[in-house]
Amino acid sequence: MRELICVRCEVALVEEKTELRYLGHSVSVKTMKCPRCGQVWLSEELVKGQIKEAEMALDDK
Amino acid sequence: MTLQGKSWAVMSSISRENRKAYEYFAGTCVHGALPSCSAFCPLNLDMREIVGHVQEGDFTAAYKAYRVKAVFPEIVASVCDEPCKAGCVRKELDQSVSLRRLERACVDFARVKSIPSFNLPPKKGKIIVVGAGLSGLTCAVRLASKSHPVTLYEKSDRIGGRLWDLMDAGVFLPSIMAQLDATACAVRLETQVTCLSDMEHDVVVVATGEGGNTWGLLDGIDPQSFGTEQSGVFVIGNIRGTTPVEDIAQGRIAAFSVEKYLKVGAMDGMPETFRQTHSPLVMDLSRVESGGAVVPKSGEVYDEQEAVAEACRCLLCDCTICAEGCEFFDAVRKMPRQLVSDAVASLNTRSNCGVTRAISSCNLCGLCGKICPQGIDMGQFCSDFRVFKREDGLLPPVFHQFFLDDMRSANEEAYLARPAPTYEQARYVFFPGCQLGASDPRHVESTYHRLLQRISDMGLILGCCGAPAEWAGEIGLRDSVMEGLTAEWERFGRPEFVFACPTCKLQFERHLPDISGVSLYTFLLDAGLSGREESDVHGDSAGREDPGVLGPVGQSAACVFDPCSSRNDKSMQESVRRIAREFGIRLAELTYSGERAQCCGWGGHMAVANLKLQDMIARNRAAACPLPYITYCANCQEVFARCGKASRHILDIVLGLENQEQRPSSLGRRRKNRMIAKRAVLEKEWGVGVVGSGDTSAHEGGRGTLPVAIPQDLLAKMYDELILEDDVYRTIDYCESTGDVVYDASHDLYIGHLRSGVVTYWVEYAKSDQGLVLRNVFFHRMEIVESRSDASVPTSESLIRSDGTP
């Protein structure tokens, strides 16, 4: 488990949903976010897994 | 006249302005067409499917496929006189496949033979069939199985007609009864029909057999639908002289004709059900091993193993020439007709339906068009459809963004167009193309120097021909690049172009036919410049000895890997071979070379749309021959270097360049190489020093921050994923300068992201006293909808300061 801290706000990131847009479509994914400034963190696992699958599905839609 | 069946070449109405006409693009494709054996069969049995099942030992599936047209499999397997044998292509090689014995094996070894019933609602229209021989029975059971009310009349006291004289009733009666029992067909035995008009009916099928009553209907019978001149009356079977198998074929076709008549009142039948007697397939047997038919141990019928062995002799004739030459068709799981059909359908729905990825997975190399017996060039189709999809806003920009950026870089900061030193105009212009210098700047620098020694007014243009724009469906952008090159041509006094890159040469030939051009390799030969010159030799490999992977003089052997864009350029292909031979290299030919050259995988820029396919193609090309390759396209050379395939660019050999490292340079290094080439020629030939050359990759030190180190393993990953070093530096710069970064305390890493064009880059890096070390980098295309409290969303554009400098 990663211990993630927003450098600007010096607070720990918390789990929150983030909206992603691609080719005119929107999807919502569970991410880590700074509760103060909203800075987002996405893991490579999420990017190469769920997000890539969604991108490819939307490419082909 | 419709366009269907006309070849692409004569279909002048197919142009980008007439999208609908593309429906006929693969109209002449013969993939899936009737094989010759089936064309000889009166039933047009689908032998490819039937024998395919037997090859797998699935006799039940084979039996079911057989019954679709045979109707009474047990009867056909017994009375068939095997006309298919005359059609089997193996007869030229050894012996025809024993299809009747295989059919018999289907009957003998099928585990399940039950006849499915579909519980269809009863249909209107009373049908009478006169005569319960094979043709009448077939027609009756086919119509009854579709819930038509059918009454079958037979004047004698038994069904089967002439079968009683031909085979064992213990075989044919159960077969017929099984079909009759599965339907509600009424049978009236010992009922002589004397006058058709006396009977209440909507349709009559006359199948009275040899010497039977004709009621004067024989004149004017449609030979395909079996309709007579009298509306609602059909005539089939041995009344007109048929074999038993033809009886079944006619009964089945007539059943379809009757159905059409009942629906729309037409007597002309359903063309797709008519008997076909021609197979358009032409099979190449040159690589087929010969060996006679399997002889059954029992003397007459096969056991299961024998049947499978004999089935395996069948070539399952079909045309798959395009798929044998190119992995594309298997990868997208569509043969030409299917791809065309899906692509055209997707134009109407303005959706992708997977089509965009398919058309973006093609190398656009034209091999399929060259080897297809019908000349169907799916590369042309995919190229045109990329334009359509882009026009419709359905081509994902990310598919080509990297390559368009690369083209822009080649045509901006790395661009150079100069007449030779002290000249205003030129008779010739050397145009190396954007990839030659990126791959190895010495190829540009040394070649130009050599050319200048002999041709003092040889000009130079370093830039891109616009092919990446064409491959991205950006025709307007390609044309603007070519307009720029045309303007330079005019400025230089209309010189002849000397092309190092076969793709550039092809693009000029296609789109700028007024500009004459020659390949560098032909030019070097003609000018006597193709030999090794002392002044050009780099390293210790002086003389004619090849220093690299090809081995010592006189013992070296190699294959010339013709680039796909040289397909129609025999002169270029032959020049490269002549040069190689002059260096004592013995040449072997690849199976696919010359006009059948296969693409190395780079063509068409499929890397983003289908990296898996690109990798597979590259590996397959590298493995096509164990000998080293001689290339003359910088992209082919790059692809083979990345695969670890021993290969040399022909210019390495001509110029005596040391063997390049097999490990590929990074993407950033490629852009940097272009700048190095530009700087080198400017300094060497024009004595011009270059300051602030726009070398955007020279960032190892970071921009006023700590240096950023990128480990080798990450450079390799970045190459695969088309991430430039600059993308990394820019993202880290952003993180460091804004503080928009997350600290991973458990790994002591800093993580941040930056939107750049159509992708978002993520970097993970560590900090030390010596500087920054990249630990990971990746990207996604989706855009994060951020709701930061300061409302600043990181994009590369936000890094541009008010004075316009990054």
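Residues numbered from 1 in each chain as written. Chains lettered and ligands numbered in written order. Predicted model: local features only at pLDDT ≥ 70, side-chain atom pairs only at ≥ 80, totals over all residues.

**Some remarks on the overall build of chain B**
At step 1: The number of helices and strands found in chain B is 31 helices and 20 strands.
At step 2: Counting the 806 residues in chain B, one finds 48% classified as buried.
At step 3: In chain B, of all internal contacts separated by at least 6 residues, the share reaching a separation of at least 24 is 70%. (Helix = DSSP H or I, 4+ residues; strand = E, 2+ residues; numbered from the N terminus. Buried ≥ 20, exposed ≤ 12 C-beta atoms within 10 Å, placed from the backbone. Contact = placed C-beta atoms within 7 Å.)

**A closer look at the sheet that holds strand E17 (residues 749-756) of chain B**
Pairing between sheet strands relies on hydrogen bonds along the backbone, with the strands arranged either parallel or antiparallel.
At step 1: Reading across from one edge, E2(A)-E1(A)-E16(B)-E17(B)-E18(B)-E19(B)-E15(B) is the order of the 7 strands in this open sheet, with mixed pairing throughout. Every other strand in the sheet has two partners, leaving strand E2 (11-12) of chain A together with strand E15 (708-709) of chain B as the edge strands with one partner each.
At step 2: Bridge count for strand E18 (residues 759-768) of chain B against strand E19 (residues 771-780) of chain B is 9 bridges, and the pairing is antiparallel. For Lys 767 of chain B, the partnering residue across the bridge sits in E19 of chain B and is Leu 772 of chain B. (Pairing = 2+ DSSP bridges.)

**Some points on the interface of chain A and chain B**
At step 1: On the side of chain B, 30 residues touch chain A, which itself brings 29 residues to the contact.
At step 2: If you list the elements that add at least two residues to the side of chain A that touches chain B, you get strand E1 (4-6), strand E3 (14-22), strand E5 (40-41) and helix H1 (44-60) of chain A.
At step 3: In terms of residue count, the dominant contributor to the side of chain A that touches chain B is H1 of chain A (7 residues).
At step 4: Of the residues that constitute the side of chain A that touches chain B, the class distribution is 14 nonpolar, 3 polar and 12 charged.
At step 5: Pairing analysis gives 3 bridges linking E3 of chain A to strand E20 (residues 783-785) of chain B, with the strands arranged antiparallel. Its bridge partner lying in E20 of chain B, Leu 20 of chain A is registered against Ile 784 of chain B. (Nonpolar A, V, L, I, M, F, W, Y, C, P; charged D, E, K, R; others polar.)

**Brief notes about the domain arrangement of chain B**
Residues and elements named next belong to chain B.
At step 1: In terms of domains, chain B is made up of domain 1 (8-31 + 320-396), domain 2 (36-114 + 302-311), domain 3 (127-273), domain 4 (422-602 + 623-674) and domain 5 (708-799).
At step 2: For the side of domain 1 that touches domain 4, the secondary-structure elements that each account for two or more residues are helix H16 (367-371) and helix H17 (378-391).
At step 3: Considering each element in turn, the side of domain 1 that touches domain 4 owes the most residues, 4 residues, to H17.
At step 4: Grouping the amino acids of the side of domain 1 that touches domain 4 by side-chain chemistry returns 7 nonpolar, 3 polar and 4 charged. (Domains from an automatic or database assignment.)

**Brief notes about H1 of chain A**
Residue and element names in this part refer to chain A.
At step 1: Between its first and last C-alpha atoms H1 spans 23 Å; for 17 residues at 1.5 Å apiece the expected length is 24 Å, and the two agree.
At step 2: At Ile 51, H1 shows its maximal kink, close to 35 degrees.
At step 3: Residues Val 47, Ile 51, Glu 55 and Asp 59 constitute the buried set of H1. (Expected span 1.5 Å × (residues − 1). Bend = angle between axes of the 7 residues up to and from the residue.)

**What to know about the confidence of the model for chain B**
Residues and elements named next belong to chain B.
At step 1: Taken over all residues, the pLDDT of chain B has a mean of 90, while the share at 70 or more is 90%.
At step 2: Low confidence marks residues 536-547, where pLDDT is under 50. Its contacts with residues over four positions away, or in another chain, come to 31 contacts.
At step 3: Low pLDDT, under 50, characterises residues 693-699; the predicted model gives this stretch 17 contacts beyond four residues in sequence or across chains.
At step 4: With pTM at 0.85, the complex prediction returns an ipTM value of 0.98. (pLDDT = per-residue confidence, 0-100.)

**Side note on the nonpolar core**
Residue and element names in this part refer to chain B.
At step 1: Among the nonpolar cores identified, the biggest contains 157 residues, and Val 429, Val 498, Val 576, Ala 580, Ile 650 and Val 728 are the most heavily contacted of them.
At step 2: Top contributing element to this core by residue count: helix H27 (residues 634-643), with 6 residues.
At step 3: Sequence-distant contacts of Ala 580, that is, excluding residues within four places in its chain, are made with Ala 558, Val 560, Ile 585, Leu 587, Ile 630, Ile 650 and Ile 653.
At step 4: Membership of the second largest hydrophobic core comes to 78 residues, among which are Val 76, Ile 176, Val 205 and Val 235. (Core = buried A, V, L, I, M, F, W, Y, C linked by C-beta atoms within 7 Å.)

**Details of the pairing of strand E11 (residues 557-561) of chain B**
All names here are of chain B.
At step 1: Taking burial as the measure, the 5 residues of E11 include 4 buried ones, the bulk of the element.
At step 2: For E11 and strand E12 (residues 586-588), the ladder comprises 3 bridges, and the chain directions are parallel. Following the sheet pairing, Ala 557 is matched in E12 by Arg 586.
At step 3: At this point the chain moves from E11, through helix H25 (residues 570-582), to the parallel E12, and the crossover so formed is right-handed.
At step 4: Here E11 pairs with strand E13 (residues 629-631) via 3 bridges, running parallel. Each residue of the ladder has a partner; that of Phe 561, found in E13, is Thr 631. (Right-handed = clockwise from strand over helix to strand, strands pointing away.)

**Overview of unusual backbone geometry**
At step 1: The phi dihedral of Glu 10 of chain A is positive, around 55 degrees, even though this residue is not glycine.
At step 2: With respect to the element layout, Glu 10 of chain A can be found in the loop between E1 and E2.
At step 3: Residue classification places Glu 10 of chain A among the exposed residues on the basis of 10 C-beta atoms within 10 Å.
At step 4: Positive phi values are uncommon outside glycine, yet Glu 82 of chain B reaches one of about 55 degrees.
At step 5: Here Glu 82 of chain B lies in the loop between helix H4 (73-79) and helix H5 (84-87).

**Regarding the sheet that holds strand E2 (residues 150-153) of chain B**
Residues and elements named next belong to chain B.
At step 1: Taken together, 5 strands build an open sheet; the order of strands is E3-E2-E1-E4-E5 and the sheet is parallel. A single partner strand is all that each edge strand has here, and the edge strands are strand E3 (186-188) and strand E5 (233-235). Averaged over all pairs of adjacent strands, the angle between strand axes in this sheet comes to 20 degrees, irrespective of strand direction.
At step 2: The pairing of strand E1 (residues 127-130) with E2 spans 4 bridges and is parallel. (Axes fitted to C-alpha atoms, helices over the stretch in contact; angles between N-to-C directions.)

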